Amino acid sequence: TSLIEARDVALSFGRTPALRGARLSVAAGEILAIMGPSGSGKSTLLHCLAGILTPDAGEIWFDGRRVDTMGETERSTLRRDRFGFVFQFGQLVPELTAEENVALPLLLGGSRRAAALKEARTWFERLGLDGLEERRSGELSGGQAQRIALARGLVAHPEILFADEPTGSLDSLAGEQVMDLLVAAAREQGTTVIVVTHEPRVAAYADREVIVRDGKVSSFSDAGVGA
Ligand code: ADP
Ligand code: ADP
């Protein structure tokens, strides 16, 4: 049984078709890599699954509920309470300290400031970020900023972590550190991970990989999924 599913999803930007009947089904606890050439529709598919973009046709299902027909309020509640996000770069709020950035999802979910910061701080030792709690994004290396973004994506214990090129701005060593931490933390929490990447090295961390080509999903490691 699947936790989240895209059924024959199509979406165009003006005249540009980004998705053309994409099908994908992800099981709870699975770590899935979405690969494929640049411009093939990977990010668009991720954004449809996460309830950020609405398909022109097809359906998105999460935990037995239809996402694509939900109202925006319900969808933003779903994203806030049950999903986590990590993107490529430029995602930390520059005015906030590192620990405030990590605490953000908890604060948005209604936690009190002291409790949220306490929980946020537990992530710093765990991710090798000790001593960086008070820094702002301008005072962090790319790898440090990306680990802080990862902590923020996981701090509220989301059921699904959506990651779009989470190592894309990093050199290979920093990228491997981020992926090691991402996979370890996700397994420990039982978080389902859907990661868009064009790097085979990143995909190697996944349980399964699918390839998006011309707006469709194909799979070579699981004959039961895709086209
Ligand atoms: P990928 O993530 O595989 O690189 P995308 O999903 O970002 O691919 O893009 C798929 C196609 O849709 C590309 O042709 C891209 O240029 C186009 N596209 C994506 N987002 C937008 C947008 N906001 N406006 C217009 N075209 C877009
Ligand atoms: P990625 O594929 O990692 O999402 P891109 O550089 O393709 O990175 O896209 C970055 C942002 O620009 C995304 O929000 C995407 O929706 C948007 N975008 C991509 N292609 C286009 C386009 N042709 N026109 C307008 N916006 C685009």
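Small disclaimer: the values here were computed from a predicted structure and weren't measured.

Turning next to the packing of aromatic side chains. For the structure on display, the rule yields 4 aromatic pairs. Ring centres of Phe85 and Phe87 lie 6.0 Å apart, and the angle between their planes is 25°; on these two criteria the pair is classed as stacked. Taking 5.6 Å as the distance between ring centres and 20° as the angle between the ring planes, the aromatic pair formed by Phe85 and Phe162 counts as stacked. Here Phe85 is found in strand E6 (residues 83-86), whereas its partner Phe162 is found in strand E7 (residues 160-164), with 77 residues between them in sequence. This pair shows no difference in class: Phe85 is buried, exactly as Phe162 is. Here the aromatic residues Phe62, Phe83, Phe85, Phe87 and Phe162 are joined through ring pairs into a cluster of three or more.

Our focus in this paragraph is helix H3 (residues 98-108). Along H3, the residues classified as buried are Ala98, Glu99, Glu100, Asn101, Val102, Ala103 and Leu106. Those residues of H3 that are buried are in contact with helix H4 (113-126) and helix H5 (142-154). Remark: Gly110 follows H3 within two positions and exhibits a positive phi of approximately 100°.

Let us now look at the confidence of the model for the protein chain. Mean pLDDT for the protein chain: 92, with 96% of residues reaching 70 or above. Contacts of residues 222-227 to residues separated by more than four positions or lying in other chains number 9 contacts, the stretch itself having pLDDT below 50. Our summary of model confidence lists the complex with pTM equal to 0.88 and ipTM equal to 0.74.

We now examine the pattern of salt bridges. Scanning all chains against the criterion turns up 17 salt bridges. The closest approach of N and O atoms between Glu59 and Arg7, which form a salt bridge, is 3.6 Å. Note that Glu59 is positioned in strand E4 (residues 57-62) and Arg7 in strand E1 (residues 4-13), a separation of 52 residues in sequence. For Glu59, a relative accessible area of 24% puts it in the partly exposed group. With a closest N to O distance of 2.9 Å, Glu72 and Arg79 form a salt bridge. Linked by salt bridges that have partners in common, Glu5, Arg7, Glu59, Arg66 and Asp68 make up one network.

What follows is about the layout of surface pockets. Approximately 310 Å³ is the volume found for the largest pocket. The wall of the largest pocket is formed by 13 residues, among which Phe83, Phe85, Pro105, Leu108 and Arg152 lie closest to the centre. Within the residue set of the lining of the largest pocket, elements represented by two or more residues are helix H2 (72-82), E6, H3 and H5. Here the lining of the largest pocket is composed, by residue class, of 7 nonpolar, 3 polar and 3 charged.

Criteria and cut-off values
Residues numbered from 1 in each chain as written. Chains lettered and ligands numbered in written order. Predicted model: local features only at pLDDT ≥ 70, side-chain atom pairs only at ≥ 80, totals over all residues. Heavy atoms only, no water. Phe/Tyr/Trp six-rings, centres within 6.5 Å; stacked < 30°, edge-to-face > 60°. Helix = DSSP H or I, 4+ residues; strand = E, 2+ residues; numbered from the N terminus. Buried < 20%, exposed > 50% of the residue type's maximum accessible area, 1.4 Å probe, protein only. Contact = heavy atoms within 4.5 Å. pLDDT = per-residue confidence, 0-100. Salt bridge = Lys/Arg side-chain N within 4 Å of Asp/Glu carboxyl O. 1 Å grid on protein atoms, 1.4 Å probe; cavity = no way out; pocket = protein on both sides within 12 Å on 5 of 7 lines; lining within 4 Å. Points joined across faces, edges and corners; volume = space filled by probe spheres on them. Nonpolar A, V, L, I, M, F, W, Y, C, P; charged D, E, K, R; others polar.

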